[in-house]
Structures are given as C-alpha cells and as structure tokens.
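Given next are the chains, with one letter for each unit.
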Amino acid sequence: MKNILKKAMVIAACGSAALAVSSPASAALYTYQQTNGDILTIDDTALSGSLKGSNIDVTFTSAAFAGFTGGASPTGSFNLDSLDGTRTVGGTAYSDNPSHQQVLKFIPKSNGDTKVNLWSWWGNPIVAGDYITTVGTYTPPSTSSGGTPVPAPGMLGLLSLALIGLGFAGRRRKTVTKGNKLALA
C-alpha cells in the first residue's frame, strides 16, 4: 500500500509541476466588421474563415492561416485551399469560378484603412471579379494572451501517463489481494 501511495504522490507532483511550468498554446478567432456591414472571421486553429454580409456569404480554408497574426491592422496574402458560397451581383447569387486562383489579401492603405480583397472570379461565365471591402472595427480574441487557451500537448501527455500509472497501481493491488486470498485458502 505504501508503494502505491508513493507512486500516486510522484505522479501528482509531476502533474502539478507541469501545470506550473507549461503555458497553454493559443488559438484565436479574429473578427472584423467591414465598413459595409460584412463580417469577416479567421480562425487560425481550424485554418478557416468566412465573409458574410448582404451581398456575400462564403466560407474558405487556407493552410496559411496558421501564420495569421490578426490585430486591428492585419496584413498578408493567403492563397485559399477552398472557397464555398455565393456572391450576389445585381440581385443574382453567383458561385466562385474555380478556374481562377482564390486569394484573401489584407492591403494597408496610406490613410490608415485596411482593404480586404477576396480575389476571385464569380459566375460561369464570369460576371464579377474581386470582392473588396474595408476593415471597420476589430474584435480582439477573448483573452489577454491573444487567443483562447487550449491545452498544451505536453500536459495532455503527462495526464495520460498519470492515468496509466494509476491503472497499473490498481492492477497490482488486485493481484496482491488475489494472492493473499489464495494463501489463506
């Protein structure tokens, strides 16, 4: 019993030390309200985003969003892996034309504005080109670390080891108990 108690204490101490030292990874959902009322979101963990408004309703993915830093004045150009949804032109909704490369660009302007260019062609045959808006307001992620806390992978590993250790300790205890019963019989 003392050995089991010692093992449990060592496992608990290791877990506590890891909690004290580890810092959680950070994931963020960046939200931008455009000056025309559209809402642009980018999730740097799911590597996805959306642009929704009265004339557009699209979702997209890009592996490059892993490097998105967000902020009130974002910059960068992101090749899109997928673009799904519609853009309304003259009262008619059109899908994107996949024969054209699709890119989401943040373009800082000298007056302090940041333009957002969803670079794509719309319709087949093509009836419209790029969809351009301007960032109005930025809603920062909910924590001061710049993102939503997620468990650090190292901590999940330590928790798994602790559970395995406790499982073996319980198994050993049952084996010893069975052996004692056999000795008594």
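Everything that follows concerns the structure shown earlier in this document.
Attention in this report is confined to the structure presented alongside it. (Residues numbered from 1 in each chain as written. Predicted model: local features only at pLDDT ≥ 70, side-chain atom pairs only at ≥ 80, totals over all residues. Heavy atoms only, no water.)

1. Description of the side chain of Q102
Here Q102 lies in the loop between β8 (92-95) and β9 (103-108). For Q102, a relative accessible area of 11% translates into the label buried. Polar contacts involving the side chain of Q102 include one to the side chain of D96, which spans 2.3 Å. Other than its neighbours up to four places away in sequence, Q102 contacts F78, N79, L80, L83, D96, N97, W119 and S120. (Helix = DSSP H or I, 4+ residues; strand = E, 2+ residues; numbered from the N terminus. Buried < 20%, exposed > 50% of the residue type's maximum accessible area, 1.4 Å probe, protein only. Polar contact = N/O pair within 3.5 Å; in protein donor to acceptor, adjacent residues only side chain to side chain. Contact = heavy atoms within 4.5 Å.)

2. Considerations on unusual backbone geometry
Here the residue pair N124 and P125 is connected by a cis peptide bond, since its omega of 10 degrees sits within 30 degrees of zero. Mapped onto the elements of the fold, P125 is located in the loop between β10 (114-119) and β11 (131-139). In the Ramachandran plot, L47 falls in the positive-phi region, its phi being about 55 degrees despite a non-glycine side chain.

3. Some words on the nonpolar core
L40, L51, V58, F60, L104, F106 and L118 are the most contacted members of the largest nonpolar core, which totals 22 residues. Mapped by element, the contributors of at least two residues to this core are β2 (29-34), β3 (39-43), β5 (56-61), β9, β10 and β11. By residue number, the principal contributor to this core is β5, which donates three residues. Beyond its immediate chain neighbours, meaning those up to four positions away, L51 contacts D38, I39, L40, I56, D57, V58, F60, L118 and Y131. (Core = buried A, V, L, I, M, F, W, Y, C linked by side-chain atoms within 4.5 Å.)

4. Some words on the environment of S95
Structurally, S95 is set in strand β8. According to the relative accessible area criterion, S95 is partly exposed, its value standing at 42%. Along the chain, S95 and D84 lie 11 residues apart, while their C-alpha atoms are 7.5 Å from each other. Excluding residues within four positions of it along the chain, S95 makes contact with G85, T86, W122 and G123.

5. Digging into the packing of aromatic side chains
Aromatic ring pairs are described here by two measures, namely the spacing of the ring centres and the angle between the planes. This model, assessed by the stated rule, comprises eight aromatic pairs. Pairwise contacts between aromatic rings join Y30, Y32, F60, F65, F68, F78, F106 and Y138 into one cluster. (Phe/Tyr/Trp six-rings, centres within 6.5 Å; stacked < 30°, edge-to-face > 60°.)

6. Considering the pattern of salt bridges
If the charged atoms of two oppositely charged side chains come close together, the side chains can form a pair. What the rule picks out here adds up to one salt bridge. A salt bridge links K52 to D57, with the nearest nitrogen and oxygen atoms 2.7 Å apart. Judged by relative accessible area, which is 37%, K52 ranks as partly exposed. (Salt bridge = Lys/Arg side-chain N within 4 Å of Asp/Glu carboxyl O.)

7. Things to note about the sheet that holds β5
Ordered in space as β6-β9-β10-β11-β2-β3-β4-β5-β7-β8, the 10 strands form an open sheet in which the pairing is antiparallel. The open sheet is flanked by β6 (76-79) and β8, the only strands paired with a single partner. The sheet shows a mean angle of 20 degrees between the axes of neighbouring strands, direction not considered. Bridge count for β6 against β9 is four bridges, and the pairing is antiparallel. The partner of S77 across the bridge, within β9, is K105. (Pairing = 2+ DSSP bridges. Axes fitted to C-alpha atoms, helices over the stretch in contact; angles between N-to-C directions.)

8. Here we look at the environment of F60
Positionally, F60 belongs in strand β5. Taking the C-alpha atoms as reference points, F60 and G85, 25 residues apart in sequence, are found 8.7 Å from one another. Apart from the residues within four sequence positions on either side, F60 is in contact with L40, T41, L47, S48, G49, S50, L51, F65, L80, S82, L83 and L104.

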